[in-house]
Amino acid sequence: MRILFVTGGAFAKPFGGYRSRALTSFEYVNRLAGGSSLLANESLFRVFARKERRRDLARYAAAGPAPVYGNWLLPERIPLFGAINARLVTRALRLVARLERPDILHVHSAFYPRIDAGLKRALGVRVLLDYHGSAPEEAVMNGLCRRGDGRHMSLKRLERVCVMNADRLVCVSETHRDELLAELGTAAPPVTVIPCCADTRLFSRDEKAREERRRRLKLDGKFVVAYAGNFPAWNPAGETAKVLARIARAFPDAHPMVVCARAHHPMLERELVAQGVQGGGFTLADAPHERMPEWLSAADMAVLVRAESPVNRVAFPVKLAEYLACGLPVVATAAVRDAARIVAGEGLGVVLRDTGEESLGEGMESLRALRERMALEDLPGRCAAYARAHLSW
């Protein structure tokens, strides 16, 4: 069986949830079964025109054992460019399919609208839609449209066509699957739930790295609470800083640590200081994704803060798997339903209803009780074991 993975925007940023899910699944499937290839649809201006991003794609293609093909597209804010891109994707699919002869297209969300029933027949493939989340609601969250306006409704119609034209759906969460089945009923294609997982060969608790990092940062005796990742619309920086600061005020030995792109550091410093964390009482760092396990190993706990929204309700952030794989219990908000279910149901952290003062106060009491049990229950070991069993690629 030969599989052509089709992605859109996986190389537009150094790392992120989309890239992690799309590329890691491609790598693992090829390692286990062989016969895979990748068509990376990327922005002409955001990737090709930026030397470091173009080189990133070139290095990835050169390093891997499976063929990787690049396809350059125009920004779709201009309607005419959308039509041109549809032709460019169709052309690329036909060319790559002629070379690779895939049986299955494993499409990661963005480019499935280009693949209609006629093209499926022409290519002789079945289509698996890896459905990361609700694209129309993400467009609303990113300010590209308003809920209920013409663009939003057009995206909703297009989303339904994509779903109904797929031979199988993969959803990242049980919540998303249940909402889809409730909406589509028996007309829905078969659905498999595969959460966003971690590469547990890379993400694991490293005691040697922990000791070295904590010694270098003078964190001995500190209760280090980490956030790792950047701040797209669904990861609110202000609310994340609020939760970290509330933990720091509740526990004198707490030390917030945020590992993210350097561009966010001035804003985070302002937020943390404004929330009552003294300068020097927190760490801000920048690290490539492959070095993230070293930083997470230095922490004692991590936070996953998202606000209530249709996007977050059905999401499954990859950072949950990475946190747990590194042995970190998680303080999570209830907005991400599957993450909250795992954290609460498996006793792997604390779930906050929201980031209001009453909820935060209750959460600090729960966290105090959890800290007392951490060593007795080997909570870091249980977190890592859960990740290896359920959230490993």
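Quick note: structure is the one above.
Below is a short write-up of the structure. (Residues numbered from 1 in each chain as written. Predicted model: local features only at pLDDT ≥ 70, side-chain atom pairs only at ≥ 80, totals over all residues. Heavy atoms only, no water.)

1. Digging into the packing of helix H10 (residues 237–250) against helix H16 (residues 357–377)
Thought 1: Packing of H10 against H16 brings their axes to within 11 Å, and their N-to-C directions diverge by 55°. Taken together, H10 and H16 sit at an angle that is classed as oblique. The handedness of the crossing between H10 and H16 comes out as right-handed. Here Lys 242, Val 243, Arg 246, Ile 247 and Ala 250 of H10 lie close against H16, whose contacting residues are Glu 357, Leu 360, Gly 361, Met 364, Leu 367 and Arg 368. (Axes fitted to C-alpha atoms, helices over the stretch in contact; angles between N-to-C directions. Helix = DSSP H or I, 4+ residues; strand = E, 2+ residues; numbered from the N terminus. Parallel < 35°, antiparallel > 145°, perpendicular 65-115°, else oblique. Left-handed = near helix turned anticlockwise from the far one by under 90°. Contact = heavy atoms within 4.5 Å.)

2. Overview of the packing of helix H14 (residues 318–325) against helix H17 (residues 379–390)
Thought 1: For the pair H14 and H17, interaxial distance at closest approach is 7 Å and the crossing angle is 130°. On the basis of the axis angle, H14 is oblique to H17. Counted together, Ala 321, Leu 324 and Ala 325 of H14 and Cys 383, Ala 384, Tyr 386 and Ala 387 of H17 form the full contact between these two elements.
Thought 2: Counted by class, the contact of H14 with H17 contains seven nonpolar, no polar and no charged residues. (Nonpolar A, V, L, I, M, F, W, Y, C, P; charged D, E, K, R; others polar.)

3. Some points on a positive patch on the surface
Thought 1: On the surface, Lys 51, Arg 54, Arg 55 and Arg 59 cluster together to form a positively charged patch.
Thought 2: Relative to the elements of secondary structure, Arg 59 occurs in helix H3 (residues 51–63).
Thought 3: Given a relative accessible area of 53%, Arg 59 falls into the exposed group. (Patch = residues over 30% accessible without salt bridge, like charges linked within 9 Å, V, L, I, M, F, W, Y side chains within 5 Å. Areas by Shrake-Rupley, 256 points an atom, 1.4 Å probe, with all protein chains shown as cover. Salt bridge = Lys/Arg side-chain N within 4 Å of Asp/Glu carboxyl O. Lys, Arg positive; Asp, Glu negative; His and termini not counted. Charge placed at Lys NZ, Arg CZ, Asp CG, Glu CD. Buried < 20%, exposed > 50% of the residue type's maximum accessible area, 1.4 Å probe, protein only.)

4. A short note on the environment of Leu 73
Thought 1: Positionally, Leu 73 belongs in strand E3 (residues 68–73).
Thought 2: Separated by 28 residues in sequence, Leu 73 and Phe 45 place their C-alpha atoms 8.4 Å apart.

5. Observations concerning the packing of aromatic side chains
Thought 1: In this structure the tally under the stated criterion is five aromatic pairs.
Thought 2: For the pair Phe 5 and Phe 26, a centre-to-centre distance of 5.5 Å together with 65° between the ring planes defines the contact as edge-to-face. Residue Phe 5 is found in strand E1 (residues 3–8), and its partner Phe 26 is found in helix H1 (residues 17–33); the two are separated by 21 residues along the sequence. Considered together, Phe 5 and Phe 26 belong to a single accessibility category, that of buried residues.
Thought 3: A ring pair is formed by Phe 223 and Phe 251, whose centres lie 6.2 Å apart and whose planes are at 65°; its orientation type is edge-to-face. Separated by 28 residues along the polypeptide, Phe 223 in strand E8 (residues 223–228) and Phe 251 in the loop between H10 and strand E9 (254–259) bring together distant segments of the chain.
Thought 4: The cationic tip of Arg 31 hangs over the ring face of Tyr 28; the distance from NZ or CZ to the ring centre is 4.8 Å.
Thought 5: In this structure, Arg 371 is placed above the aromatic ring of Phe 223, and the distance from its NZ or CZ to the ring centre is 3.8 Å. (Phe/Tyr/Trp six-rings, centres within 6.5 Å; stacked < 30°, edge-to-face > 60°. Lys NZ or Arg CZ within 6 Å of the ring centre and 35° of its normal.)

6. Quick word on the sheet that holds strand E5 (residues 126–131)
Strand-to-strand pairing in sheets goes through backbone hydrogen bonds, with the strands running parallel or antiparallel.
Thought 1: Spatially, seven strands are ordered E3-E2-E1-E4-E5-E6-E7 in an open sheet, and the strand pairing comes out parallel. Of all the strands in the sheet, just E3 and strand E7 (191–193) have a single pairing partner and so form its edges. When strand polarity is set aside, the average angle formed by the axes of neighbouring strands in this sheet is 20°.
Thought 2: As judged from the six bridges shared by strand E2 (residues 36–43) and E3, these two strands associate in the parallel manner. From the neighbouring strand, Leu 39 faces E3, where its bridge partner is Tyr 69. (Pairing = 2+ DSSP bridges.)

7. Topic: the pattern of salt bridges
Thought 1: Per the stated rule, a full pass over the model turns up 27 salt bridges.
Thought 2: For Glu 100, the salt bridge goes to Arg 2, with nearest N and O atoms at 3.1 Å. Residue Glu 100 is found in helix H4 (residues 79–100), and its partner Arg 2 is found in the segment before E1; the two are separated by 98 residues along the sequence.
Thought 3: Residue class for Arg 2 comes out partly exposed when judged on its relative accessible area of 34%.

Shape descriptors only; they carry no functional weight alone.
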